[in-house]
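# Observations on the model geometry
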Amino acid sequence: MHPIYHYIKDNLREAYTPSEGATLAKWILTDVFHLSTMELYGDKGTNFPENQQKRLADILARLKKYEPLQYILGEARFCGRTFRVTPDVLIPRPETEELVEWIVASHPGPKSRILDIGTGSGCIPIVLAACLPEATVSAWDISEAALQVARANAAANGVTVTFTQADVLADGLPPVGKVDILVSNPPYVTERERAEMLPNVLDWEPGLALFVPDEDPLRFYRRIARIGRELLAAGGALYVEINRAYGADIVRLLEELGYTSVELRKDFADNDRMIKAILP
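Residues numbered from 1 in each chain as written. Predicted model: local features only at pLDDT ≥ 70, side-chain atom pairs only at ≥ 80, totals over all residues. Heavy atoms only, no water.

## Observations regarding the sheet that holds strand β11 (residues 272-278)
The 7 strands are arranged β5-β4-β3-β6-β9-β11-β10 in an open sheet whose pairing can be described as mixed. Each end of this open sheet is capped by a strand with a single partner; those strands are β5 (162-165) and β10 (260-266). Looking at each pair of strands side by side, their axes are set apart by 15 degrees on average, direction ignored. Two elements, strand β6 (residues 179-184) and strand β9 (residues 232-241), share 5 bridges in a ladder whose sense is parallel. Counted as the bridge partner of I181 is A237 from β9. The sheet strands contacting helix α10 (residues 219-231) are β3 (113-117), β4 (136-141), β6 and β9, and the helix crosses β9 at an angle near 160 degrees. (Pairing = 2+ DSSP bridges. Helix = DSSP H or I, 4+ residues; strand = E, 2+ residues; numbered from the N terminus. Axes fitted to C-alpha atoms, helices over the stretch in contact; angles between N-to-C directions. Contact = heavy atoms within 4.5 Å.)

## Some points on the nonpolar core
If you look at the biggest cluster of nonpolar residues, it comprises 36 residues, and the most contacted ones within it are I117, Y221, L238, I250, L254, Y259 and I275. Every element with two or more residues in this core is listed here: β3, β6, β8 (211-212), α10, β9, α11 (247-256) and β11. Examining the composition of this core, we find that 6 residues originate from one element, α10, more than from any other. Those residues in contact with L254 that sit more than four places away from it in its chain are A225, L238, Y259, V262, I275 and A277. (Core = buried A, V, L, I, M, F, W, Y, C linked by side-chain atoms within 4.5 Å. Buried < 20%, exposed > 50% of the residue type's maximum accessible area, 1.4 Å probe, protein only.)

## A look at the packing of aromatic side chains
Aromatic rings in a pair are described by how distant their centres are and how their planes are angled relative to each other. Under the counting rule described, the total for this entry stands at 4 aromatic pairs. Ring centres 6.1 Å apart and planes at 80 degrees place the aromatic pair F78 and F83 in the edge-to-face group. A residue is classified by how much of its surface remains accessible, and F78, at 0% relative accessible area, is buried. Centre to centre, the rings of W102 and Y239 are 5.6 Å apart; their planes meet at 85 degrees, and the pair counts as edge-to-face. Note that W102 is positioned in helix α6 (residues 94-106) and Y239 in strand β9, a separation of 137 residues in sequence. For the pair W102 and Y239, a shared accessibility class is recorded, and that class is buried. The ring of F211 has R194 lying over it, and the distance from NZ or CZ to the ring centre is 3.8 Å. (Phe/Tyr/Trp six-rings, centres within 6.5 Å; stacked < 30°, edge-to-face > 60°. Lys NZ or Arg CZ within 6 Å of the ring centre and 35° of its normal.)

## Focus on the side chain of R223
With respect to the helices, strands and loops of the structure, R223 is situated in helix α10. E230 provides the closest opposite charge to the buried, unpaired R223, separated from it by 4.6 Å. A distance of 2.4 Å separates a polar side-chain atom of R223 from the backbone oxygen of V168. Once residues within four sequence positions are removed from consideration, R223 is found in contact with V168, L169, A170 and L173. (Lys, Arg positive; Asp, Glu negative; His and termini not counted. Salt bridge = Lys/Arg side-chain N within 4 Å of Asp/Glu carboxyl O. Polar contact = N/O pair within 3.5 Å; in protein donor to acceptor, adjacent residues only side chain to side chain.)

## A closer look at unusual backbone geometry
If you check the backbone angles, H34 has positive phi at about 55 degrees while not being a glycine. With respect to the helices and strands, H34 occurs in the loop between α2 (18-32) and α3 (37-41). Even without being a glycine, Y66 presents a positive backbone phi close to 70 degrees. Residue position: Y66 is located in the loop between α4 (50-63) and α5 (69-73).

## Describing the pairing of β9
For β9, the tally of buried residues reaches 8 of 10 residues, placing the bulk of the element in the interior. Taken together, the 5 bridges between β9 and β11 define a ladder with antiparallel strand orientation. From the neighbouring strand, V240 faces β11, where its bridge partner is I275.

Shown next, in the form of structure tokens:
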């Protein structure tokens, strides 16, 4: 392996496991310093110019404070696309890619009207707009800072998405008309789960997009399902990403609110992670 690969791993060994350090070392060398596979796996050193040495030192110092590398680099990959990310938005996750893939596979042809609630970086509606080019796509978020990131991402990815600031827990939602697909990856981490979270998430990603009260963990699902009853056209589909601990509870909630064909799916790690439901 490249000597700097070992240097990075050694520098991070007190803050990260060996496997985490190896992943970060490869990521930094290939994505930041653009080493080829041959250079990465070879044992010949590369003379880093002074500006690159300073860049590496800054990255390592920030990683030791558990700042996610995506925030350090200012970008993350999602469904094969690059998205700008800042601490105002969650870093897109592979589980959410599976949710998007489910939607695309289920709605391949007809023109659809899509609304994403709690859009963050805009990764969900932007990929849907790219994969379903005949769709009309809108997205809401409570955070104007997040919406600024999402708008920049839509422009960078060459798609049209209408972004609007909205607090879905408040009365009076923005006019959007009927939709065929309502999707959301809402806050679903309970406060008691904070103790289980790693510092690179807990200390850096926006709590507004993560946490719900222990006494009401389904608050967003209940509200989004009721919004769906107002906005979804007959036969429209609701898709949500969920906390793995509440799959059965959310299925029951949706059925009680009149949704049919409620389907709970697991993610790649075999955790209950996403639900589809139809409004008759």
